[in-house]
Amino acid sequence: MPVSSANNTQHFDTIIIGAGAAGLMAASKIGQSGLSVLLLDHASKIGEKIRIAGGGFCNFTNTHIDGFDASSYYVSENPKFVRYALSNYTAEDFISLVKKYQIPFTEKHRGQLFCDRVQKASSKDIIEMLLKECQLGQVNLKKETTVEAITKTASHFSINSSLGCFTCNHLIIATGGLAIPKIGATDFGYQVAKQFGHTIIPTRPALVALHFDFWEQEGFTELAGISLPVEISTNFSKKPKDRITFDEDLLFRHKGLSGPGVLQISSYWVPGKTITINFAPKVDIQTALITLKTEVKYHLERAISELVPAIPKRFIQFWLNRAPFCEYLATPLPEIPHKILEQLGSSLNAWTISPNGTDGHKTAEATRGGVNTKELNTKTMESKLTENLYFIGEVVDIVGWLGGYNFQWAWGSAVCAANAIQEKDPHLSK
Ligand SMILES: Cc1cc2nc3c(=O)[nH]c(=O)nc-3n(C[C@H](O)[C@H](O)[C@H](O)COP(=O)(O)OP(=O)(O)OC[C@H]3O[C@@H](n4cnc5c(N)ncnc54)[C@H](O)[C@@H]3O)c2cc1C
């Protein structure tokens, strides 16, 4: 139970700022261990990112995280930092919780688990589950609360808020990243980290659509709505082994490119560098066209359609209407110079373009960068600079791939901090 002092300041074992995925998970675990927990959030609705995640069906974890080196699914200055948290609290652990609450779920794509729309489950069930877990731990949850200042004495933290002053032994910062400010994202966590001497790895939008300066001028807006499977890669390193490649769908939009493949590559893209898209990953177009040239008298459009049936006709027509291919639209294949076929092959197998920006935090799904992991304990998420201060979830310099990896990091890092506090807290006697 919280304790009130003479000046009416309530004392808690742990205060958590940010009642999103990580904050709710940490609060429930700490509360259920018998410690008093105050969970503060400035928003009027709790768990908004969980609610909108996965189109309302929350891709809450990914089964591929188990049994693999989890660090390859995360982007950070120090991706290995995730290893302990994700092997300590696994996808299977979260699935057990979801099963306990009988929330129907389904696997959609490559280990991605979503609430099952067919059986009328949705993201709201995950939020309710976490809130019930918090109730079981008698967590004191306060919405619409602004934290004005945090100070630390030798024995405790003091939190000045719009609800008054609170003190605690342990303080957890779980205020997430900068994505979608409209539903409550702020840079609060980074400011607290800086206050306590931490460095912040520069932040930028991740899992976000990409923009290109040639888009409108070269008529790419015409392709809006077309989606097709591609292989998409970064080019920031000359060594092929360092290239990051995703084999996913791409979506043309009025403003640039989106779709799972582009969102994934955006987390790795370095401003000023190019990306390469292969529209026909399984076919070497140049070689295939040169071979075909000796066999048939097709025009280019038919040849490409037959070689790569997955490429929509509207896309092929647009591509061939560009120079220099447009001059050969009505020319039978055997009469088209090799040089043109080579150029067409390389433009389709390795279209190298330079994004000039992104949609920004307004629509990004996550934030790259954040609290420097080198200054946090990998097993407990505790600050190495300030005792009893913890950072969990997306505020840390960890961003996962699309597909449930970010929530699993939120759950896993939260459990690390919760376990550490339970082990440490001398008041654990309830
Ligand atoms: C559109 C969208 C879809 C997504 N879909 C998925 C998905 O399907 N699967 C997946 O794994 N990940 C998904 N993500 C990413 C995932 O939502 C986040 O990585 C995850 O929510 C991070 O958890 P967190 O607890 O660290 O932060 P959050 O869940 O963002 O919670 C942070 C909390 O802190 C509060 N807060 C912020 N500033 C303050 C302040 N100053 N004072 C008090 N409180 C504050 C916020 O109101 C919020 O409640 C999606 C993200 C978006 C934007």
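- Naming follows an unreviewed UniProt entry, where the chain appears as NAD(P)/FAD-dependent oxidoreductase of Ignatzschineria rhizosphaerae.
- A UniProt comment under Cofactor (unreviewed entry) is attached to the chain, and it reads "FAD".

A word on the pairing of strand β17 (residues 275–278)
Moving on, step 1. Of the two faces of β17, the one holding Ile275 and Ile277 and the one holding Thr276 and Asn278 are both buried throughout.
Moving on, step 2. The sheet contact formed by β17 and strand β18 (residues 351–353) spans 3 bridges and is antiparallel. Of the residues in β18, the one forming a bridge with Ile277 is Trp351.

Here we look at the nonpolar core
Moving on, step 1. Residues Ile15, Ile50, Phe94, Ile126, Ile150, Leu171 and Trp411 are the most contacted members of the largest nonpolar core, which totals 82 residues.
Moving on, step 2. No other element matches helix α12 (residues 405–424), which puts 12 residues into this core.
Moving on, step 3. If you look at the next biggest cluster of nonpolar residues, it comprises 54 residues, including Phe220, Ile265, Ile336 and Leu402.

Structural notes on the site of the ligand
Moving on, step 1. Near the ligand you find 30 residues, and of these Ala22, Asp41, Thr186, Glu394 and Phe407 are the closest.
Moving on, step 2. A distance of 3.4 Å separates an oxygen atom of the ligand from a polar atom in the side chain of Lys49.
Moving on, step 3. Contact distances for the ligand include 2.6 Å between a nitrogen atom and a side-chain N or O atom of Thr186.
Moving on, step 4. Considered on its own, the ligand offers 990 Å² of accessible surface; in the complex 92% of this is hidden by protein.
Moving on, step 5. Among the elements of the structure, α1 (21–32), α2 (48–52) and α12 are those that each provide at least two residues to the shell around the ligand.
Moving on, step 6. Of the residues assigned to the shell around the ligand, the class counts are 14 nonpolar, 12 polar and 4 charged.

Considerations on the state of the cysteines
Moving on, step 1. A full pass over the atoms with the stated rule returns 0 disulfides.
Moving on, step 2. Considering cysteine sulfurs only, Cys168 is the nearest to Cys165, which forms no disulfide, with 9.8 Å between them.
Moving on, step 3. Given a relative accessible area of 27%, Cys165 falls into the partly exposed group.
Moving on, step 4. No disulfide involves Cys416; its nearest neighbouring cysteine sulfur is the one of Cys134, lying 18 Å away.

Things to note about the pairing of strand β2 (residues 10–17)
Moving on, step 1. With 6 of 8 residues buried, β2 lies mostly within the body of the structure.
Moving on, step 2. Relative to strand β11 (residues 164–173), β2 runs parallel, the two sharing 7 bridges. Among the inter-strand pairings, Ile15 is bridged to a residue of β11, identified as Leu171.
Moving on, step 3. Where β2 and strand β3 (residues 37–40) come together, 4 bridges link them in parallel fashion.

Some words on the UniProt feature "domain: RsdA/BaiN/AoA(So)-like insert" (unreviewed entry) in the chain
Moving on, step 1. Mapped onto this numbering, the UniProt entry annotates "domain: RsdA/BaiN/AoA(So)-like insert" (unreviewed entry) at residues 204–365.
Moving on, step 2. Helix and strand shares over residues 204–365 are 27% and 21% respectively, and the end C-alpha atoms of the span are 11 Å apart.

Examining the pattern of salt bridges
Moving on, step 1. What the rule picks out here adds up to 8 salt bridges.
Moving on, step 2. Close ionic contact of Glu248 with Arg110 constitutes a salt bridge, the shortest N to O distance being 3.3 Å. Here Arg110 lies in the loop between β6 (105–107) and β7 (112–115) and Glu248 lies in strand β15 (residues 245–253), a separation of 138 residues in the sequence.
Moving on, step 3. A relative accessible area of 11% means that Glu248 is categorised as buried.
Moving on, step 4. Overall, Arg110 belongs to the partly exposed group, its relative accessible area being 41%.
Moving on, step 5. Between Glu218 and Arg322 there is a salt bridge whose closest N-O contact spans 3.5 Å. Here Arg322 lies in the loop between α10 (313–320) and α11 (338–349) and Glu218 lies in the loop between β13 (210–211) and β14 (227–234), a separation of 104 residues in the sequence.
Moving on, step 6. By relative accessible area, which is 21% here, Arg322 ends up partly exposed.
Moving on, step 7. Taken together, the shared-partner salt bridges connect Arg110, Asp247 and Glu248 into one network.

Quick notes on the rules
Residues numbered from 1 in each chain as written. Predicted model: local features only at pLDDT ≥ 70, side-chain atom pairs only at ≥ 80, totals over all residues. Heavy atoms only, no water. UniProt positions renumbered as here; feature names shortened; annotations may be inferred. Buried < 20%, exposed > 50% of the residue type's maximum accessible area, 1.4 Å probe, protein only. Helix = DSSP H or I, 4+ residues; strand = E, 2+ residues; numbered from the N terminus. Pairing = 2+ DSSP bridges. Core = buried A, V, L, I, M, F, W, Y, C linked by side-chain atoms within 4.5 Å. Near = heavy atom within 4 Å. Polar contact = N/O pair within 3.5 Å; in protein donor to acceptor, adjacent residues only side chain to side chain. Areas by Shrake-Rupley, 256 points an atom, 1.4 Å probe, with all protein chains shown as cover. Nonpolar A, V, L, I, M, F, W, Y, C, P; charged D, E, K, R; others polar. Disulfide = S-S within 2.5 Å. Salt bridge = Lys/Arg side-chain N within 4 Å of Asp/Glu carboxyl O.

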